[in-house]
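# Observations on the three-dimensional arrangement
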Amino acid sequence: MAASSNAEQTQLQDMEEEDAGMEEREMESDEEEEEEEGMGVENSDDEEDDSSEDEKENEAEIQRLEEQLSINAFDYNCHVDLIKLLKQEGELLRLRKARQKMSELFPLTEEIWLDWLKDEIRLTEEEPNREKVYELFERAIKDYICPEIWLEYAQYSIGGMGSPGGIDKVRAIFERAVTAVGLHMTKGQTVWEAYREFENAILSTVQPPPGRIPTREEQELLKTQLERIHTLFRRQLAIPLMDMEATYAEYEEWSEHGVAETVKHQYKKALQQLEKCKSFEESLLVAETPKLSEYQAYIEFELKEGDPARIQITFERALAENCLVPDMWTKYNTYLDRQLKIKDLVISTHERAVRNCPWTMGLWKSYLLALERHGADHQTVSDVFEKALNAGFIQATDYVEIWQAYLDYLRRRVDFSKESSKELEELRGAFSRSLDYMKQDVEERFGESGDPSCIIMQIWARIEALHCKNIQKARELWDNIMTKGNAKFANMWLEYYNLERAYGDPVHCRKALHRAVQCTSDYPEHVCEVLLTFERVEGSLEDWDVAVQKTETRLNRVNEQRAKVAEKEANLARQEEDRAEQRRKAKSEKKTQKKFQHGSRAGEKRKAEQDDYQDEWNEDSATKRPRGNGDHTTDEYMETETGLHGRNAPPGFKPGNKKAPVQRPDDDKPELRNDNTSVFVSNLAYTLEEPEEKLRTLFETCGPVKQIRPIFSNKGTFKGYGYVQFESLVSVNEALKLDRREVEGRPMFVSPCVDKNKNPDFKVFKYNTSMEKHKIFISGLPFSCTKEQLEEICKDHGTIKEVRLVTYRSGKPKGLAYVEFADESQASQAVLKLDGIEVEGNKISVAISNPPRRSAVDKPLDMMPRQTFGSRGRGRTQLSLLPRSLHRQNPPGSKVENGTGAGTAAAAENSSGETKPLSNSDFAKMLLNK
């Protein structure tokens, strides 16, 4: 190997010196010509200076890229840029090293492999170095199933057919090629044709010259070679391939005895199969990359057809263009695991899957299971697990699951019939290491362990108790579990109690239940009941008395605490109601006083007031509409059309009108006012000139507009919102698409027009609190960043469905944005590649969109039934004064997690069986009884 390496270096140096000599001769020739023309020397010096400057800049960039890769070796784009620059500069040794390093970390695309292979073929034309190129081809065909690479491999092998066994080697490579890609419906034909051309070339060498009678040996060789070509034609014509009619015509012309009936039959079957698949192939031809949905439909079709070879090639074609889609790899692996079960194919595909999507824990987990299922040695499984730990999962829980998979594997290796063994010690060491890993590595990175219920420790404790008969170790582990914040949960204590019941003794069972009664805060009634049941079955009278005393003491204390909390909440609610009532009274007094002053002006004629007009757009529906997009933003509240003092501006009233507004002839027709065909428009600038004309221009693109009603104050100024009514319901959906459209520097809000009095539960926007794995949240953006710039930054990492810059109501940017990708794998890849990069000098943060839970003030509180608001209507903070202890009771038949239901809430009923509204005195009696 060392000698070969030295020979390569010598050859590369010779090539570089030869290139340098040629460049020097060319430069000398150019200089002579320039001197003859009387103008050359200075220009040549300038060109040399420019070339030298370019070389220095390129070298500096190469060093920068190499330094960046030393910090983060998994920067894919950095690898690509370095290889491109090294090839441009002719740094052959460094180029080979860079490609080698990249191929160890990532599967390379077809283009990168072909570029590398062609360079190596040019550099290693000598016979002794052909094996190195063969090794490189073997690595290339493992990353993806690519017809072009197989074709290049076969053609390169033809160059060595003169060596001993060369022809057999070429045939072996062609056979592997047609097995791997011969079923590729659009590109497989080229491999078959190349194979037949090779055999035809061999045929020409075994045919005797014209006029000479061949010997018996030559006749045998000729017959064998003709049969090989016949066989290739028959095999190809039995496969559905594009343009197979031309192949059939070629076979008819080539064959001296015509086409056999069996071949015709197979050919017709292939044509029928081609007809079935043609629609899928045509959809792939017209679709844009990566054609994921088209491939998924194709795969579903092939799975129903049930041909394993065709299913495999269809999966491979899909993965060549969708290599970063974990779900596609998972589906392929599942098929191979459950259907084909071929060890080499299964293991290699699992390995390719984790190389393409290393951040996906599920792929690593199924890889470990496949290795164990096919009998891989222990060292191989352990090495794969260590690679999984370094893969960079995006959730803390992923590390818990991969540790569980590995610990399950180690447990299955242990022979528990032996008191002590190497495998058992390894299992215990792995459990201990997993706990340290969660505490040190996972918590430091994510701020959480990912295993709050200590599932790993629970499994370890059960193994120690069940298999190792070491109940003392199990108790130590459960003590550790309880110290991690789990002592307040009833289900954790009951899990421990069940362990003691199965493998311990009554003393420790009783001790566990006594501790549970003292510590449990979520369902103390349940653990108290379990303790009493245990003493009924196991305990003495003294044990029973102690249990009754402890449970009564604990439940009394719990009820006292609940009553105090309920009383405190009730007091807060009453105080808030009092404050709200005071505000309403003050507002009413101010309103009355203003009316009195307005009506007592002497000598003035009564002016037209807004009370003279009927509210045409549901005056009582002046409510606040929550708006939200399901992301990290808070709810935005907007007014409706109610004007000053709750009145509406008169119909036809416009800013600046000093005279009484002119009533439009259509305004008094109720049939023209239809909420179903209307939208509510808000967040417009107060200074918007001619708002009616402006809104008409904006919304006429959505459909015919029947009426536009901008809302004005008493002073005639525009209030920034209004209503647009269309002639058709279809136009409403189009109008809603204009939501957030910028109008004079502000985002315009467009929402459905709904009367909240008639539909009190209606919400236009719902606050999403679940993780949106296909969407990323970007913070720290410069305020000058535009939507187009952000699309340019993100487009290399997947298909972008939507980009939204978060702004204030005024339209000013917040430096936040959401980018929605086609699927979650693209979003995950974008997080890995974009987090921490600089945009116009700002270091941005990128994460999967995970909206926070609403704060307590936004959560719905326990409210009385909607129809019992009272005389004042529904107050803004109208709370139920029912004590929390009563609210905790569950309705009949309901189940409580970790236990049974605690009973039903008490309610006062009248003689007809209907529930009466509870008064304040009723509440007070409840509190006193508690």
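Quantities reported herein were computed from a predicted structural model and do not represent experimental measurements. (Residues numbered from 1 in each chain as written. Predicted model: local features only at pLDDT ≥ 70, side-chain atom pairs only at ≥ 80, totals over all residues. Heavy atoms only, no water.)

## Section: the overall build of the protein chain
- Tallying secondary structure elements over the protein chain gives 32 helices and eleven strands in all.
- By sequence separation, contacts in the protein chain at least 24 residues apart represent 62% of the contacts at least 6 residues apart. (Helix = DSSP H or I, 4+ residues; strand = E, 2+ residues; numbered from the N terminus. Contact = heavy atoms within 4.5 Å.)

## Details of unusual backbone geometry
- The peptide bond linking T289 to P290 adopts the cis configuration, its omega dihedral lying at 15°.
- Not every positive phi belongs to a glycine, and K469 is a case in point at roughly 55°.
- By the secondary structure assignment, K469 is in the loop between α21 (455-466) and α22 (471-486).
- Its identity as a non-glycine residue notwithstanding, N683 has a phi of 65°, on the positive side.
- Taking relative accessible area as the criterion, N683 reaches 5% and is therefore assigned buried. (Buried < 20%, exposed > 50% of the residue type's maximum accessible area, 1.4 Å probe, protein only.)

## A look at the sheet that holds strand β7 (residues 800-807)
- Read across the open sheet, the four strands follow the order β7-β8-β6-β11; overall the sheet is antiparallel. In the strand order of this sheet, the two ends are held by β7 and β11 (845-849), each with one partner. Across the sheet, the axes of successive neighbouring strands diverge by a mean angle of 20°, strand direction being ignored.
- Summarising the sheet, strand β6 (residues 772-779) and β11 pair through five bridges and their orientation is antiparallel. (Pairing = 2+ DSSP bridges. Axes fitted to C-alpha atoms, helices over the stretch in contact; angles between N-to-C directions.)

## A look at the pairing of strand β2 (residues 705-712)
- Counting buried positions along β2 yields seven of eight residues, so the element is predominantly enclosed.
- Where β2 lies against strand β3 (residues 718-726), six bridges are found, and the strand directions are antiparallel. Its bridge partner being in β3, F712 is matched across the sheet by F718.
- Taking the residues between adjacent antiparallel strands as the criterion, β2 and β3 are bridged by five residues, where G716 takes a positive phi near 90°.

## Description of the packing of helix α7 (residues 147-158) against helix α8 (residues 166-181)
- The N-to-C vectors of α7 and α8 enclose an angle of 170°; their axes lie 9 Å apart at closest approach. Viewed along their axes, α7 and α8 adopt a mutual orientation that is roughly antiparallel. On α8, the residues touching P147, W150, Y153, A154, S157 and I158 of α7 are V170, I173, F174, R176, A177, A180 and V181.
- Residue composition of the contact of α7 with α8, grouped by class: eleven nonpolar, one polar and one charged. (Parallel < 35°, antiparallel > 145°, perpendicular 65-115°, else oblique. Nonpolar A, V, L, I, M, F, W, Y, C, P; charged D, E, K, R; others polar.)

## Remarks on the nonpolar core
- In terms of nonpolar packing, the biggest core is built from 106 residues, with M328, W364, F393, I402, W403, L427 and W478 touching the most fellow members.
- Looking at this core, the element that brings in the most residues is helix α19 (residues 396-413), giving nine residues.
- Apart from residues lying up to four places away in sequence, I402 is in contact with M361, W364, K365, L368, F385, A388, L389 and F393.
- Counting residues in hydrophobic clusters, the runner-up holds 53 residues, among them I62, L65, F174 and L232. (Core = buried A, V, L, I, M, F, W, Y, C linked by side-chain atoms within 4.5 Å.)

## Details of the state of the cysteines
- Applying the stated criterion across every chain, the model contains zero disulfides.
- Sulfur of C785: no disulfide; nearest cysteine sulfur belongs to C794 and is 8.8 Å away. (Disulfide = S-S within 2.5 Å.)

## Here's the deal with the packing of α19 against helix α20 (residues 422-446)
- α20 packs onto α19 with a crossing angle of 175° between their chain directions and a minimal axis gap of 10 Å. One finds that α19 runs roughly antiparallel with respect to α20. Each of A396, Y399, V400, W403, Y406, L407, L410, R411 and R413 in α19 lies in contact with α20, whose residues at this interface are E423, E426, L427, A430, F431, R433, S434, Y437, M438, V442, R445 and F446.
- Tallied by class, the residues present in the contact of α19 with α20 amount to 14 nonpolar, one polar and six charged.

## Considering the side chain of N683
- On the secondary structure map, N683 appears in the loop between β1 (678-682) and α27 (691-699).
- Looking at N683, its side chain comes within polar contact range of the main-chain oxygen of P747, at 2.7 Å.
- With near-sequence residues (within four places) excluded, N683 lies in contact with G720, R746, P747, F749 and R809. (Polar contact = N/O pair within 3.5 Å; in protein donor to acceptor, adjacent residues only side chain to side chain.)

## Describing the pattern of salt bridges
- Following the criterion strictly, the structure yields 51 salt bridges and no others.
- Between R475 and E500 there is a salt bridge, with its nearest N and O atoms 2.7 Å apart. Taken together, the residues R475 in helix α22 and E500 in helix α23 (residues 490-503) connect sequence positions 25 residues apart. Grouping residues by exposure puts R475 and E500 together as buried.
- When the shortest N-O distance is used, the salt bridge between R579 and E576 registers 2.8 Å. Within this pair, R579 and its partner E576 are both found in helix α26 (residues 541-599), separated by three residues, close to a single helical turn. (Salt bridge = Lys/Arg side-chain N within 4 Å of Asp/Glu carboxyl O.)

## Focus on helix α14 (residues 308-321)
- Between its first and last C-alpha atoms α14 spans 21 Å; for 14 residues at 1.5 Å apiece the expected length is 20 Å, and the two agree.
- All of the buried residues along α14 are R310, I311, I313, T314, F315, E316, R317, A318 and L319.
- Lining the buried residues of α14 we find α8, α12 (261-286), α13 (292-305), α15 (326-340) and α16 (343-356).
- Regarding α14, its N-cap is D307, as a side-chain oxygen of that residue lies 3.2 Å from the backbone nitrogen of A309 further along. (Expected span 1.5 Å × (residues − 1).)

## Quick word on the sheet that holds β3
- The sheet built from five strands is open, its strands ordered β2-β3-β1-β5-β4 with antiparallel pairing. Strands at the two margins of the open sheet, each flanked by one partner only, are β2 and β4 (741-743). Across the sheet, the mean angle from the axis of one strand to that of its neighbour is 30°, orientation sign disregarded.
- Sheet topology places β1 next to strand β5 (residues 746-752); four bridges connect them, and they run antiparallel. Bridge pairing in β5 links V681 to V750.
- On the sheet, α27 packs against β1, β2, β3, β4 and β5 and is oriented at approximately 140° with respect to β2.

## Regarding the side chain of D823
- In this fold, D823 is placed in the loop between β8 (813-821) and α30 (824-834).
- Despite its burial, D823 remains without a salt bridge, the nearest opposite charge being carried by K801 at 9.5 Å.
- At 3.0 Å, the side chain of D823 and the backbone nitrogen of Q826 are in polar contact.
- Non-local contacts of D823, meaning those with residues more than four positions away in its chain, are made with L292, V325 and H774. (Lys, Arg positive; Asp, Glu negative; His and termini not counted.)

## Here we look at the packing of aromatic side chains
- Going through the model one piece at a time under the given rule, you end up with 33 aromatic pairs.
- With 4.0 Å between their ring centres and 5° between their planes, F385 and Y406 make a pair best called stacked. With F385 in helix α18 (residues 378-389) and Y406 in helix α19, the pair connects residues that are 21 residues apart, well separated along the chain.
- Ring pairing ties together the aromatic residues F385, F393, Y399, W403, Y406, Y409, Y437 and F446, which thus form one cluster.
- One cation-aromatic arrangement involves K169 over Y134; the distance from NZ or CZ to the ring centre is 3.6 Å. (Phe/Tyr/Trp six-rings, centres within 6.5 Å; stacked < 30°, edge-to-face > 60°. Lys NZ or Arg CZ within 6 Å of the ring centre and 35° of its normal.)

## Quick word on the confidence of the model for the protein chain
- Residues with a pLDDT of 70 or more make up 76% of the protein chain, whose mean pLDDT is 80.
- Here residues 602-671 is a poorly scored stretch, pLDDT under 50, and it has 166 contacts once near neighbours within four places are set aside; other chains count.
- Under a pLDDT of 50 for its full length, residues 855-915 has, in the predicted model, 79 contacts with residues more than four places off or in other chains. (pLDDT = per-residue confidence, 0-100.)

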